[in-house]
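For reference, the chains in residue letters:
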Amino acid sequence: MSKPSYGPHTRAIHAGEPDPRPAGAAVAPIFQSSTFLFEGHDAGYEDVHYARLSNTPTHDVLHAKLAALENAEAGLATASGMAAISSSLLTFLKQGDHLLAQDSLYGGTHMVVHKDLPALGIEVTTYDAAAPEALPALVRPNTKVIYAETMTNPLVRVGELDALARFGAEHGLVSMIDNTFASPTNFRPAEHGFDLALHSATKYLNGHTDLIAGAVMGKADHVEAVRHRSGHLGGSLDAHACFLLHRGIKTLPLRMERHASNAQHVAEFLAAQEQVVAVNYPGLPSSPSHAAASRLLDTCSGMLSFEVAGGRAAAYAVQDALQIPLVAPSLGGLETLVTLPAETSHVGMTPEEREAAGVADGLIRVSIGLEDADDLIADFGQALGA
Ligand SMILES: *Cc1c(COP(=O)(O)O)cnc(C)c1O
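On a predicted model such as this, the values are computed, not experimentally measured, just so you know.

## Quick notes on the domain arrangement of the chain
- The domain boundaries assigned to the chain delineate domain 1 (8–249) and domain 2 (252–385).
- Domain 1 puts 34 residues into the contact, and the matching count from domain 2 is 38 residues.
- Buried area between domain 1 and domain 2, both sides added, is near 3000 Å², and the carbon and sulfur share of it is 59%.
- The largest contributions to the domain 1 side of the interface with domain 2 come from Pro154, Asn186 and Tyr204, which together make up 24% of the buried area.

What follows is the structure in structure tokens.
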């Protein structure tokens, strides 16, 4: 039940389920056991089944479903998105190596790439994902990995992703992409030649704002190498969290349809309001990423940001007046969430750095949830009037 010919909803529900189903249970059970019996004296280390090694039956069914979502060869669940990202980078980079990293990265990844990796003797050069023609001048003999994000935070830009994967393949680099914002419903990195896709499964994959998890999908050899390294580093996912994530994934494509249609409606509404200076959503023809997103993504997902006239004070007023969204970091859950990047994700930057990154003081980031679009539009409308 993992034929790529099945549609995304069918795959999310049925792919990777155990056959036969244990005790006939319709839902794969949780094996809440840290260790498993060792089979015989001639068994080897690969026959050790231990939860930190991510090879229990509860992990196996989740891994198969994760792989099927992206038409990838293999999948791995991790203890968080950052465990997926740090374990993957530390699998393919060592002292003296060089990394090509996209110039805009999720905050936690930014810290790993620009602080932790250099401290281990790994060199980093940043590149603009919208300008892959500049890459040949940046690659070095010791370059080992090219790292990208499908959609950037908080401006929701989409780069020339297929060109990045192609460049990686031509230069023998391991290509990695953080696919959290798009989710496997909208972008399947393996189909575009990426070696590894990384996710914060805390976000859309789980979708219910109730657990921390990560995922790695991609080529079998690469995922196996990350699983092995993750066993050393210790970032494996507990069996109960595996079960919850597995349950959340079954509705991923259904949820993503609604996230995208709600986001498109809200983005169009915001773009027509005179108090709104700019709306960042690749589903709008005005977005600099509209062409790339139309070519690469199935829908534009549920993340948007908009800038209100009047700077930080005006953004506070709008945020305080909103009735439905919760004011909280994170994204990808059922509830609409809003944050002001200037005081959360980008607070560590100077005002000048923020301005260079396009993060204005009046910018509000929204993770559009699954509420009724009309209710969200009415709420943003009254808040803008406040
Ligand atoms: C949240 C997030 C992460 C980190 O994931 P955690 O599950 O919080 O560790 C990484 N990348 C992106 C794009 C994210 O949104």
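Next, the rest of the story.
## Here's the deal with the site of the ligand
- Around the ligand, 13 residues are found, and the nearest of them are Met82, Asp178, Ser200, Thr202 and Lys203.
- At 2.6 Å from a nitrogen atom of the ligand is found a side-chain nitrogen or oxygen belonging to Asp178.
- Here Thr202 contributes a side-chain N or O atom positioned 2.6 Å from an oxygen atom of the ligand.
- Protein burial of the ligand: of its 380 Å² of free accessible surface, 92% is covered by the chains.
- Here the shell around the ligand takes 3 residues from helix H3 (residues 81–92), the largest share from any one element.
- Grouping the amino acids of the shell around the ligand by side-chain chemistry returns 6 nonpolar, 5 polar and 2 charged.

## Some remarks on the packing of H3 against helix H7 (residues 220–233)
- Where H3 meets H7, the closest approach of the two axes is 9 Å, and the angle between their N-to-C directions is 105°. By the angle between their axes, H3 is roughly perpendicular relative to H7. Seen from H3, the contacting residues are Ser87, Ser88, Leu90, Thr91 and Phe92; seen from H7, they are His222, Ala225, Val226, Arg229, Ser230 and Leu233.
- Residue composition of the contact of H3 with H7, grouped by class: 5 nonpolar, 5 polar and 1 charged.

## Quick notes on the packing of helix H9 (residues 252–271) against helix H13 (residues 373–385)
- Direction vectors running N to C along H9 and H13 enclose 30°, while the axes themselves pass 9 Å from each other. Relative to H13, the element H9 lies roughly parallel. As H9 runs across H13, the sense of the crossing is right-handed. Residues Asn262, His265, Val266, Phe269 and Leu270 of H9 lie in contact with H13, whose contacting residues are Ala373, Leu376, Ile377, Phe380, Gly381 and Leu384.
- Considering only residue class, the contact of H9 with H13 consists of 8 nonpolar, 3 polar and no charged.

## Quick look at the nonpolar core
- Counting 72 residues, the largest nonpolar core has Leu205, Leu245, Leu270, Leu304, Phe306 and Ile364 as its most contacted members.
- No other element matches the 7 residues that H9 contributes to this core.
- The two domains that each donate at least three residues to this core are domain 1 (8–249) and domain 2 (252–385).
- Ignoring any residue separated from it by four or fewer positions in sequence, one finds Leu205 in contact with Leu66, Leu69, Pro184, His199, Ala215, Leu245, Gly248, Ile249, Leu252 and Arg255.
- Core analysis: the second largest hydrophobic core is formed by 23 residues, Leu76, Ile85, Leu198 and Val216 among them.

## What about unusual backbone geometry?
- Residue Asp19 is joined to Pro20 through a cis peptide bond whose omega torsion reads 0°.
- For the bond from Asn153 to Pro154, the omega torsion is 0°, close enough to zero to count as cis.
- Considering the arrangement of structural elements, one finds Pro154 in the loop between strand S4 (143–149) and helix H5 (161–170).
- Even without being glycine, Ser54 reaches a positive phi, approximately 55°.
- Note on placement: Ser54 falls in the loop between helix H1 (8–14) and helix H2 (57–69).
- Positive phi, normally seen in glycine, also occurs at Ser301, with a value near 65°.

## A word on the sheet that holds strand S1 (residues 74–78)
- Pairing is mixed in the open sheet, where 7 strands are placed in the order S1-S7-S6-S5-S4-S2-S3. The open sheet has two edge strands with one neighbour each: S1 and strand S3 (123–127). The average angle at which neighbouring strand axes cross in this sheet is 20°, direction not considered.
- Here strand S2 (residues 98–102) runs beside S4; their pairing, made up of 4 bridges, is parallel. Considered in S4, the bridge of Leu100 is made with Ile146.

## Concerning the environment of Ala241
- Among the secondary structure elements, Ala241 is positioned in helix H8 (residues 239–249).
- On the basis of relative accessibility, which here comes to 14%, the residue Ala241 falls in the buried class.
- In this structure, the C-alpha to C-alpha distance between Ala241 and Thr78, residues 163 residues apart in sequence, is 9.9 Å.

## Some points on helix H4 (residues 107–119)
- Compared with the 18 Å implied by 1.5 Å per residue over 13 residues, the 18 Å span of H4 between its first and last C-alpha is a close match.
- Maximum bend of H4: about 30°, positioned at Val113.
- Among the residues of H4, Thr109, Val112, Val113 and Leu117 are the ones counted as buried.
- Looking one or two places after H4, you find Gly121, whose phi comes out positive at around 85°.

## Concerning the sheet that holds strand S11 (residues 337–339)
- Strand order in the open sheet made by the 5 strands is S8-S9-S12-S11-S10, with mixed pairing throughout. A single partner strand is all that each edge strand has here, and the edge strands are strand S8 (276–280) and strand S10 (326–327).
- Strand direction decides the pairing type here: S11 and strand S12 (residues 363–367), joined by 3 bridges, are antiparallel. Across the sheet, Leu337 pairs through a bridge with Ser367, a residue of S12.
- On the sheet, helix H11 (residues 311–321) packs against strand S9 (303–308), S10, S11 and S12 and is oriented at approximately 125° with respect to S9.
- This element, H13, spans S8, S9, S11 and S12 of the sheet and lies at about 20° to S9.

Cut-offs used in this document
Residues numbered from 1 in each chain as written. Predicted model: local features only at pLDDT ≥ 70, side-chain atom pairs only at ≥ 80, totals over all residues. Heavy atoms only, no water. Domains from an automatic or database assignment. Contact = heavy atoms within 4.5 Å. Buried area = accessible area lost by both parts, 1.4 Å probe. Near = heavy atom within 4 Å. Polar contact = N/O pair within 3.5 Å; in protein donor to acceptor, adjacent residues only side chain to side chain. Areas by Shrake-Rupley, 256 points an atom, 1.4 Å probe, with all protein chains shown as cover. Helix = DSSP H or I, 4+ residues; strand = E, 2+ residues; numbered from the N terminus. Nonpolar A, V, L, I, M, F, W, Y, C, P; charged D, E, K, R; others polar. Axes fitted to C-alpha atoms, helices over the stretch in contact; angles between N-to-C directions. Parallel < 35°, antiparallel > 145°, perpendicular 65-115°, else oblique. Left-handed = near helix turned anticlockwise from the far one by under 90°. Core = buried A, V, L, I, M, F, W, Y, C linked by side-chain atoms within 4.5 Å. Buried < 20%, exposed > 50% of the residue type's maximum accessible area, 1.4 Å probe, protein only. Pairing = 2+ DSSP bridges. Expected span 1.5 Å × (residues − 1). Bend = angle between axes of the 7 residues up to and from the residue.

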